[in-house]
Amino acid sequence: MTVLETRPAPETPETPATPSAPAAIEVRDLTMSYGDRSVLTGVTFEVRRGEVFCLLGPNGAGKTTTVEILEGFRRRSGGTVRVLGMDPGAQPAVLRERLGIVLQECGFPRQAKVAELIGMWRDYYPSPRPVDELLSVVELHSHRDVQVRKLSGGQRRRLDLALALAGDPDLVFLDEPTTGFDPESRRRCWAAIENLRALGKTIVLTTHYLDEAERLADRLALLRDGEIRVCGPVREVARQAGVPTTITFTYPQRIIPALPAPGCLSLRVEDGVATCRVKNAATALRELFTWASACRLGDLEDLSVTHPTLEDAYLQLVSGGAGQ
Amino acid sequence: MTAVLPGATAPRRRPVTRVARLAVRQGLAEQRTFWRSAEYALFTFALPVALLLLIGSTTAGGFLPHTHVKAQMIFVPSMMAFGVVVAAYVNLGTKLATLRHDGVLKRIRTTPIPAGAYLSGVLGSTAATTAAITAATGALGWLAFGAVPRVAGIGELAGGLALGAACFGSLGLVLSTLARSAESASPIANASYLPLAIMSGIFDPAFSVPHWLSVIVGLFPVRPLAQILQQGYTPVQHVPLEDPVVLAAWTVAGVFLAVWRFRWT
């Protein structure tokens, strides 16, 4: 995987990220409705400069609507939106010069050749990246003279990315960039995205793949039914969602009936394995060890502490635990 | 919420030269891809050329009823008008409907290219194709049937082609907005121009229709264009003033409808 080279700053030197540096994207109380149907009901989040921000959610949650409002393709019904300090609703051309957009499903002029198309796209922007560099990033060098209609699905998706990067954007939107990819293509695409992050680009990614979000995102927001259920760094999202930590160990053979496990642990025993699900793992472990030593149970065998994963949080918020 | 990133406030100049340069490059790119898709280019040319040769071989050499006008002097310019309709109206309309359906127009919209530059490039490319088709039709009409434009009629011929390309190009833009999908663009195109072309006598120099129908057909742009181009070959039929007026009126209506209805997605 070729790495894009960092370039010297353009004529307006970017100020280094300071605490007061404005966010790349600010969204406040964003609402969107089509007629009577409300699609977004008060969405608020912020994307910091230089981070990979992931909008996660099931189909129909409002991910693409949100992103299309940020890209300037849809007019919002209400709320405030600032993208790189500008209102995308006004469709300023200066904003489009600084955005790279990979749309969800988007065709190409079929007879155009790969390098030719990238060349055309470079013409549209004031300070484009070199063609060879773009071809390398998406690994399409050997296909530069192939007509677009002859490319495979994965190759087209990578060409999508190359076109989005042609103008050397500050902010890149990727709407489900790896849907329909084979594992190898996904890994290549992920590497390209990580490569972009290393360059300091801000990336907004929508996906319904949890592993993709877990691997790439610095922070994420989980959308469901047009509102944000939880938003924050990937590691914290599960805790925010209120998903318990799971502690398991092999239930000792000899338990003195007079000394049952503390009730606050709500221990459940199944097939000789004791499981408790707790909010605060540290407190629970302390209780557990105090009880174990009081009962002279020795070390609890096969003790394991499993933190909630993004998947747990997702399933809790999306499938079951509405209204948590 | 008034915070603005560095460099974002400086108003960029968008000089006319940049738009013109982008339009020219877009037009050249469109032409390159048009000629690369051999079957598309071939059949765009084949329709007017094949009809010219097929129908011409049965009617050329004769005279129009009750006149001394050779049939090919009417028939060849009529086929040139037909070429304008096919290239500017049918091709442009179906092409844009396909580009919209495939999401290519939406993708273009993600870039900072000014809408005017992109559409000028596409329209310029259409104009070039139209010119090539009418030139091929005219050349073949001369080689096969000896139909040569008269020197005094060059003005009518050039003016008619320019006005016709503008008129049917703007209607092609409207056609692309009427078609809900790429598949429906072609049937809509054929259903709209083919009956009109037949009623306008494009395929038969001796074709005549009842007076009331003739009045109606005269209000649509196909026959006026054919009559102006015929004037470039033979002066026998006078060009009523209403022919260019009808074309101009349709052009204005087409431009208004296209501006009002055009969508990128």
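These numbers were taken from a predicted model, which means no experiment stands behind them. (Residues numbered from 1 in each chain as written. Chains lettered and ligands numbered in written order. Predicted model: local features only at pLDDT ≥ 70, side-chain atom pairs only at ≥ 80, totals over all residues. Heavy atoms only, no water.)

J.: What exactly am I supposed to notice about the sheet that holds strand 13 (residues 304–306) of chain A here?
T.: Backbone-to-backbone hydrogen bonds pair the strands of a sheet. The strands run either parallel or antiparallel. Residue and element names in this part refer to chain A. Judged by pairing direction, the sheet is antiparallel, and its four strands sit side by side in the order 11-12-10-13 without closing on themselves. On the outer flanks of this sheet lie strand 11 (268–270) and strand 13, each paired with one strand and no other. The sheet shows a mean angle of 25 degrees between the axes of neighbouring strands, direction not considered. With three bridges joining them, strand 10 (residues 245–250) and strand 13 adopt antiparallel strand pairing. Opposite Thr246, over in strand 13, you have Thr306 as the bridge partner. Sheet contacts for helix 9 (residues 281–294): strand 10, strand 12 (273–278) and strand 13; angle to strand 10, the most-contacted strand, approximately 20 degrees. (Pairing = 2+ DSSP bridges. Helix = DSSP H or I, 4+ residues; strand = E, 2+ residues; numbered from the N terminus. Axes fitted to C-alpha atoms, helices over the stretch in contact; angles between N-to-C directions. Contact = heavy atoms within 4.5 Å.)

J.: How do you make sense of the confidence of the model for chain A when you look at a structure like this?
T.: For any part of a model where pLDDT is low, the fine detail of the predicted coordinates should not be relied upon. All names here are of chain A. On average, residues of chain A score 83 in pLDDT, and 90% of them reach the 70 mark or higher. Per-element confidence in chain A ranges from a low mean pLDDT of 78 for helix 10 (residues 310–320) to a high of 93 for strand 6 (residues 171–175). Long-range and interchain partners of residues 9–18, a stretch whose pLDDT sits below 50, account for four contacts in this model, where long-range means more than four residues apart. (pLDDT = per-residue confidence, 0-100.)

J.: Hey, could you run me through the nonpolar core in this one?
T.: Most often, soluble globular proteins keep nonpolar side chains buried together rather than apart. Ranked by internal contacts, the top residues of the largest apolar core, which has 73 residues, are A:Leu117, A:Ile118, A:Trp121, A:Leu159 and B:Tyr118. Those residues in contact with A:Leu117, other than ones at most four positions away along the chain, are A:Phe108, A:Pro109, A:Ala112, A:Val148, A:Leu159 and A:Leu163. With 39 residues, the next largest nonpolar core counts B:Ala81, B:Ala88, B:Leu157 and B:Tyr193 among its residues. (Core = buried A, V, L, I, M, F, W, Y, C linked by side-chain atoms within 4.5 Å. Buried < 20%, exposed > 50% of the residue type's maximum accessible area, 1.4 Å probe, protein only.)

J.: I'm lost on the interface of chain A and chain B in this one. Help?
T.: Interface extent is often summarised as the accessible area lost during association of the parts. Counting residues at the interface gives 38 residues for chain A and 30 residues for chain B. Between chain A and chain B lies a buried interface of about 3,400 Å² when both sides are counted; carbon and sulfur atoms form 58% of it. Looking at the side of chain A facing chain B, the largest losses of area belong to A:Arg96, A:Asp123 and A:Tyr124, adding up to 19% of the total buried there. At the boundary of chain A and chain B, one finds six salt bridges. Close ionic contact of A:Asp123 with B:Arg25 constitutes a salt bridge, the shortest N to O distance being 2.4 Å. On the surface where chain A and chain B come into contact, there are 14 residue pairs in polar contact (both at pLDDT 80 or more). Secondary-structure elements contributing two or more residues to the side of chain A that touches chain B are strand 4 (78–83), helix 2 (93–97), helix 3 (114–124) and helix 5 (153–165) of chain A. Here the side of chain A that touches chain B is composed, by residue class, of 18 nonpolar, eight polar and 12 charged. (Buried area = accessible area lost by both parts, 1.4 Å probe. Salt bridge = Lys/Arg side-chain N within 4 Å of Asp/Glu carboxyl O. Polar contact = N/O pair within 3.5 Å; in protein donor to acceptor, adjacent residues only side chain to side chain. Nonpolar A, V, L, I, M, F, W, Y, C, P; charged D, E, K, R; others polar.)

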